[in-house]
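Structure at a glance
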Amino acid sequence: MKATELSISGAWMFEPTVFPDSRGSFTAPFQGAAFREALGFDLTVAQTNMSVSDRGVIRGVHYADLPPSQAKYLYVASGVIRDVVVDIRVGSPTFGEFRVVELDADSMCAVYLSEGLGHAFQALTDHAVVGYLCSTPYNPAGEHGITPLDPELALPWAPGIEPVLSQKDRDAPTLADAVAAGSLPTWGACQAWYEQLRTPSSTAGRPQAA
């Protein structure tokens, strides 16, 4: 498995080997040894999620309070998506920047997002099935969003495909409003958290909330 850090620190792409034959194909989209070699710690999986989206559906931009926030390792089991990582860590050298990766069920490539990063995707096909390995359970009180249609952020959603959003995502604040509200994670707090993840004394590979 090939691991490549994207140009936003803490965001990674993992490319597994796919083994096709006359029956179909086989691959392992998550491999613990490859993850540990790239990141320096094991991925603790507290919850697995699965979403099914029609063509045009946008989910995000979502993030969670730090600590403990929520890291995500995600891949596409069916269909194609345009995946977007947004750096919302105040003080980060790449704050406000985003990176786009297309993920599909043929390549089974995966994206890992460290705690503190914002995430969104758009389904480019009907019945796009996305699997998520999450480092923490879902915590409604700690979950937040930024509108994926923020004109200043200007995320590059697929041309010619009508965006379909939940009302919650449509009504979410802009990045500038989230900054003003003080609801975003900071670069310093995220860096301290990442360092704890690489500390062997962290319980089960994850630091404990203060």
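Residues numbered from 1 in each chain as written. Predicted model: local features only at pLDDT ≥ 70, side-chain atom pairs only at ≥ 80, totals over all residues. Heavy atoms only, no water.

The test is simple: UniProt positions are given in the numbering used here, feature names are shortened, and annotations may be inferred rather than shown by experiment.
With an unreviewed UniProt entry as reference, the protein chain is termed dTDP-4-dehydrorhamnose 3,5-epimerase, source organism Pseudonocardia nematodicida. Listed in UniProt under the heading Sequence similarities (unreviewed entry), the comment for the protein chain reads: "Belongs to the dTDP-4-dehydrorhamnose 3,5-epimerase family."

**Brief notes about the overall build of the protein chain**
Stated precisely, the cut-off is as follows: Secondary structure counts use DSSP, requiring at least four H or I residues in a row for a helix and at least two E residues in a row for a strand, with both numbered from the N terminus. In this description the radius of gyration comes from C-alpha coordinates, and the expected globular size is given by 2.2 Å times residues to the power 0.38. Under the scheme applied here, a residue whose accessible area is under 20% of the maximum for its type counts as buried, over 50% as exposed, and between as partly exposed, the area being computed with a 1.4 Å probe on protein chains only. Contacts: residue pairs with any heavy atoms within 4.5 Å of one another. Surface accessibility in these figures is a Shrake-Rupley result with a 1.4 Å probe; residues are shielded only by whichever protein chains are displayed.
If you tally the helices and strands in the protein chain, you get four helices and 13 strands. Compactness check: the protein chain gives a C-alpha radius of gyration of 17 Å against a globular reference of 17 Å for 210 residues, within 12% of the reference. Overall, the protein chain is about 55 × 45 × 30 Å in size when its C-alpha atoms are taken along their principal axes. The burial tally for the protein chain puts 46% of its 210 residues in the buried class. Of the contacts formed within the protein chain by residues at least 6 apart in sequence, a portion of 78% connects residues at least 24 apart. A total accessible area of about 9,800 Å² is found for the protein chain, and carbon and sulfur atoms account for 54% of it.

**A short note on helix H1 (residues 32-39)**
So the rule is basically this: In this description, one arc is meant: the one made by directions from the helix axis to the C-beta atoms.
Inspection of H1 places Ala34, Phe35 and Leu39 among the buried residues, and these make up the whole buried set. For H1, the arc enclosing every buried residue in end-on projection is 110°, short of the 170-degree limit, so these residues lie on one face. Relative to its buried face, H1 has exposed residues pointing more than 90 degrees away, namely Ala33 and Glu37. Looking at the buried positions of H1, the neighbouring elements they touch are strand E2 (11-15), strand E7 (72-78) and strand E10 (110-113). Looking one or two places after H1, you find glycine 40, whose phi comes out positive at around 90°.

**Focus: the pattern of salt bridges**
Our working rule: Within this document, salt bridges are pairs made up of a side-chain nitrogen of Lys or Arg and a carboxyl oxygen of Asp or Glu, the two lying within 4 Å of each other.
What the rule picks out here adds up to six salt bridges. Aspartate 21 is paired through a salt bridge with arginine 23; the nearest N and O atoms lie 2.6 Å apart. A salt bridge links arginine 82 to glutamate 102; the nearest nitrogen and oxygen atoms lie 3.4 Å apart. Of this pair, arginine 82 sits in strand E8 (residues 80-86) while glutamate 102 sits in strand E9 (residues 98-104), and the two are 20 residues apart along the sequence.

**Some words on the sheet that holds strand E12 (residues 128-134)**
Where we set the bar: Here the rule is simple: two strands pair whenever DSSP picks up at least two bridges between them. For every element, the axis is a line fit to its C-alpha atoms; helices are fit only across the contacting stretch, and the angle between N-to-C directions ranges from 0 to 180 degrees.
Taken in spatial order, the six strands line up as E1-E2-E10-E7-E12-E5 in an open sheet, and their pairing is antiparallel. Only two strands of the sheet have a single partner each, and these edge strands are strand E1 (2-5) and strand E5 (47-53). On average, each strand axis in the sheet is inclined to that of its neighbour by 20°, with strand direction left out of account. Here E2 pairs with E10 via four bridges, running antiparallel. The partner of tryptophan 12 across the bridge, within E10, is tyrosine 112.

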